[in-house]
Amino acid sequence: MRPGPPLSGTVRVSGAKNSALKLMAACLLAGGRYRLDNVPRISDVDSMGRLLEALGVGSAWAEASSLSVEVPDQPEVVAPYELVERMRASVVVLGPLVARYGRAKVAMPGGDDFGPRPVDIHLRGLEALGATVETAHGYIEAWADRLAGTRLVLEFPSHTATDNLLMAATLAKGTTVIENAAREPEVSDLAAFLNRMGARIEGAGTSRIEVEGVDELSPADHAVIPDRVEAATFLAAVGLAGGEVVVEGARYDHMDMLIAKLADMGLRISPTSGGLWVQAAGRPRAVDVATLPYPGVATDYKPLLVALLSVSEGVGIVSENVFPSGRFRYVDELRRMGADIRTEGHHAVVRGVERLSGAPVRAPDVRAGAALVLAGLVAEGQTEVADAHHVDRGYERLADKLACLGADVARCR
Ligand code: EPU
């Protein structure tokens, strides 16, 4: 990767990772055949496919981005450690399994590069719905004859806990209200899918979701919403490299805060009939950024914004408010590329430099890996991003897509 020309052309975003994974788990709620369209061909989807396979669920690519899922009437209920360990999102099979089959045994997901990632909100919610939950020997075991609807107040609007409890509540007896629910577009996508399966959910996308439990659900087809973090990656790429690009499929209404931030930095962004148009010329201007649960600026955008701030004019202060660890591990890698960044707890002070310098770096996680690739676009000399398998977890052919826009980037292995 070498500093290249400004980017130009059109790029299409794939389906949202953080919706597709939950939709796949939601299939456990009813036996039969499903078709999910616009599913991204990423390794996390493969990991979820392997986990479902261990539960007796078949999944196969019907077309390039269409996944066919076949759920038996009585799947297995044990999600083993080797599979859960690969991907924390595996914990979303817990809610559907307990709700539909009365029992689940799911390996306890560990911490990761963001620091400890507890699942207490998931477990407390399931208990409030009437499940007995025990954790021992690295496994969560939960069981219930039938869950019973109740009022849940989440301590934090956790995205995946909202998904898990929403799925569990669809088959509970009576009404469940989830207060302080996560409002991410992917939660709304999951609710739309569940409603197609026969669930009765209202309020998804707001902090108060109401679920009227039903006796059974049936299979449905659904197309996954576009991935807003992938879309953001292309917007940030244009901010760094300059140029003019159309990001097909990107939804303005899923990205308002980020777009406002990028506009403050000097990018021009407007909706087109099927996506977003973005143009950037010259150095971006530094701004301050504070991550917040949706509709705030997502923590997943942060590494992209830090990469952008690294070459902006001025100083930007970036504050992490979603993950307790601060989630700044990639900053050391950016520093190795000449970025001037100081971190202190939850905060990073980024002083823009004129130019980064290419270096061998290591991707610590999926979004940070993408940010390092973007930094490489404007760094002098060659940048090689090791551990690119992290990037593959959430991006479908990132290097190819950037190369189609004129970037000098290739996947080495
Ligand atoms: N939290 C708890 N207890 C819980 C659950 C969460 O304390 O039971 C805390 C977490 O420790 C964290 C905060 O709540 O401090 C937010 O976590 P959340 O549960 O919302 O995150 P998540 O659902 O595990 C999803 C995405 C992440 C994204 C976060 C925040 C999926 C599969 N993952 O994780 O995406 O960063 O929401 O928006 O949906 C990614 O795509 O690379 C990624 C990491």
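The structure displayed is predicted, hence computed values, not measured ones. (Residues numbered from 1 in each chain as written. Predicted model: local features only at pLDDT ≥ 70, side-chain atom pairs only at ≥ 80, totals over all residues. Heavy atoms only, no water.)

Asker: What is the right way to look at the overall build of the protein chain in this model?
Answerer: Summing up its helical and strand segments, the protein chain has 14 helices and 24 strands in all. A compact globule built from 413 residues should have a C-alpha radius of gyration of about 22 Å, and the protein chain, at 21 Å, falls within 12% of that. For the protein chain, the spread of C-alpha atoms along the principal axes amounts to about 65 × 45 × 35 Å. Looking at the protein chain residue by residue over its 413 residues, the buried ones come to 58%. The contacts in the protein chain between residues at least 6 apart in sequence include a share of 73% that link residues at least 24 apart. Looking at the protein chain as shown, the accessible area adds up to about 15900 Å², and 47% of this sits on carbon and sulfur atoms. Across the protein chain, the 43 positively charged side chains and the 53 negatively charged ones have centroids separated by 2 Å. (Helix = DSSP H or I, 4+ residues; strand = E, 2+ residues; numbered from the N terminus. Rg over C-alpha atoms; globule rule 2.2 N^0.38 Å. Buried < 20%, exposed > 50% of the residue type's maximum accessible area, 1.4 Å probe, protein only. Contact = heavy atoms within 4.5 Å. Areas by Shrake-Rupley, 256 points an atom, 1.4 Å probe, with all protein chains shown as cover. Lys, Arg positive; Asp, Glu negative; His and termini not counted. Charge placed at Lys NZ, Arg CZ, Asp CG, Glu CD.)

Asker: Sorry if this is basic, but what is going on with the packing of helix H8 (residues 228-241) against helix H12 (residues 366-377) here?
Answerer: Pairs of packed helices are described in terms of their axes, by the angle between the two and the distance that separates them. With their axes 9 Å apart at the nearest point, H8 and H12 run at an angle of 20 degrees to one another. Here H12 runs roughly parallel to H8, going by the angle between their axes. Considering the relative orientation of H8 and H12, their crossing is right-handed. From H8, Val-229, Thr-233, Ala-236, Ala-237 and Leu-240 reach across to H12, where they touch Arg-367, Ala-370, Leu-374, Ala-375 and Leu-377. (Axes fitted to C-alpha atoms, helices over the stretch in contact; angles between N-to-C directions. Parallel < 35°, antiparallel > 145°, perpendicular 65-115°, else oblique. Left-handed = near helix turned anticlockwise from the far one by under 90°.)

Asker: What should I look at first to understand the pattern of salt bridges in this one?
Answerer: As a working rule, side chains carrying opposite charge can pair if their charged atoms are close by. Using the criterion set out here, one finds 24 salt bridges in the structure. Note that Lys-302 is salt-bridged to Glu-320, the shortest N-O span being 2.6 Å. In this pair, Lys-302 is assigned in helix H10 (residues 302-310) and Glu-320 in the loop between strand S18 (315-319) and helix H11 (331-336), connecting sequence segments 18 residues apart. On the accessibility criterion, Lys-302 (0% relative accessible area) is buried. We classify Glu-320 as buried; its relative accessible area is 0%. Measuring nitrogen to oxygen at the nearest pair gives 3.2 Å for the salt bridge that ties Glu-380 to Arg-355. Here Arg-355 lies in the loop between strand S20 (347-351) and strand S21 (356-357) and Glu-380 lies in strand S23 (residues 379-380), a separation of 25 residues in the sequence. Arg-355 gets classed as partly exposed once you look at its relative accessible area, which sits at 43%. (Salt bridge = Lys/Arg side-chain N within 4 Å of Asp/Glu carboxyl O.)

Asker: Explain the sheet that holds strand S14 (residues 243-248) to me, please; I cannot follow it from the model alone.
Answerer: To summarise the sheet geometry, strands pair through backbone hydrogen bonds and adopt either a parallel or an antiparallel arrangement. Within the open sheet, the four strands sit side by side as S1-S14-S16-S15. Their pairing is mixed. This sheet does not close on itself; its edge strands, each paired only once, are strand S1 (7-12) and strand S15 (268-272). Taken over all neighbouring pairs, the strand axes of this sheet differ in orientation by 15 degrees on average, direction set aside. With six bridges connecting them, S1 and S14 associate as parallel partners. Paired with Thr-10 across the strands is Val-246, a residue of S14. (Pairing = 2+ DSSP bridges.)

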